[in-house]
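# Summary of the model geometry
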Amino acid sequence: MTYLLHIDSSSLGTDSVSRQVAESFRDSWRGPVIHRDLGAAPVPHLTAAGIASRSADEAARTPEQAAAAAIQEELIEEFLGASTYLFTVPMYNYSIPSVFKAWLDQIMVVGATMALPDGPPAAGRPALVISARGGGYGPGTPNHGMDHVVPTLETVLAHPQTLGLDVSVLTPELTLAPVVPYMSELIPLHEASLADSHEQARKLAEAFQTAS
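Residues numbered from 1 in each chain as written. Predicted model: local features only at pLDDT ≥ 70, side-chain atom pairs only at ≥ 80, totals over all residues. Heavy atoms only, no water.

By the naming in an unreviewed UniProt entry, the protein goes by FMN dependent NADH:quinone oxidoreductase and is assigned to Streptomyces graminofaciens. In its Sequence similarities (unreviewed entry) section, the UniProt entry covering the protein states "Belongs to the azoreductase type 1 family." In its Subunit (unreviewed entry) section, the UniProt entry covering the protein states "Homodimer." (UniProt positions renumbered as here; feature names shortened; annotations may be inferred.)

Rendered as structure tokens:
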């Protein structure tokens, strides 16, 4: 059985704009879903035992290595079992939440999910990244060039030498406009960006299912 793997990494729960846009995708998705909420239940950061377990003979692993390997194997099996991916990765301090980086470090394993002779096993599978951010980072904005979320994830998730996914990205912007007084004049732009993100999320859910 294949399924949508939905990974949330926002710390804000239902107040998260990234999660709200993801719900629009989910509302249009038909089929099984596995949801992992890293904000509520983070996976452990990669440790020395986890790294050593990847090259150690299974029978010779220490108890710490065996425990670390079990976590990696569970997450990798879950990742590889999916046919489609939904990632909510808001911008925190110009980069990705640490809980999402921890998840990536656990699943990105040479010989399992990447760097195989025939390419990564998940290559070409569709994925949507939803990354809300408090400001605007497009060309012509004061923050242009300071987005270290989307470029990073396009490399990590989509490059053929990494996971090779077919990545689409939605970036609902200016989420601070309704709550920061000096940004209030940007509220209409925020509302337009948010509405477009919800619409595109619904369309992409339909498109991903039609293509599968």
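## A word on helix α4 (residues 98–107)
Burial within α4 is extensive, with seven of its 10 residues counted as buried. The complete set of buried residues in α4 reads Val99, Phe100, Ala102, Trp103, Leu104, Gln106 and Ile107. (Buried < 20%, exposed > 50% of the residue type's maximum accessible area, 1.4 Å probe, protein only. Helix = DSSP H or I, 4+ residues; strand = E, 2+ residues; numbered from the N terminus.)

## With respect to the environment of Ser193
By secondary structure assignment, the location of Ser193 is in helix α6 (residues 187–211). Non-local contacts of Ser193, meaning those with residues more than four positions away in its chain, are made with Thr171, Pro172 and Glu173. There is a polar contact of 2.9 Å between the side chain of Ser193 and the backbone nitrogen of Glu173. (Contact = heavy atoms within 4.5 Å. Polar contact = N/O pair within 3.5 Å; in protein donor to acceptor, adjacent residues only side chain to side chain.)

## Observations concerning the UniProt feature "binding site: FMN" (unreviewed entry) in the protein
UniProt's entry tags Ser10, Ser16, Val17 and Ser18 with the feature "binding site: FMN" (unreviewed entry), counted in the numbering of this structure. Structurally, Ser16 can be placed in the loop between β1 (4–8) and α1 (17–27). A distance of 3.1 Å separates the side chain of Ser16 from the backbone nitrogen of Arg19, its partner in a polar contact. With respect to the helices, strands and loops of the structure, Val17 is situated in helix α1. Apart from residues no more than four positions distant in its own chain, Val17 is found in contact with Ala132, Pro172, Thr175 and Leu194.

## Side note on helix α5 (residues 150–158)
In an α-helix, one turn spans 3.6 residues; hence positions three or four apart end up facing the same way. Looking only at α5, the buried set comprises Val150, Leu153, Val156 and Leu157. Mapping the buried residues of α5 onto a view down its axis gives an arc of 130 degrees, with all of them on the same face. (Arc of directions from axis to C-beta.)

## Concerning the pattern of salt bridges
With the rule as written, the count across this model stands at nine salt bridges. Here Arg36 makes a salt bridge to Glu78, at a shortest N to O gap of 2.8 Å. Here Glu78 lies in helix α3 (residues 63–80) and Arg36 lies in strand β2 (residues 33–37), a separation of 42 residues in the sequence. The burial state of Arg36 is the same as that of Glu78; both residues are buried. Look at the salt bridges and you will find they share partners, linking Asp8, Arg19 and Asp37 into a network. (Salt bridge = Lys/Arg side-chain N within 4 Å of Asp/Glu carboxyl O.)

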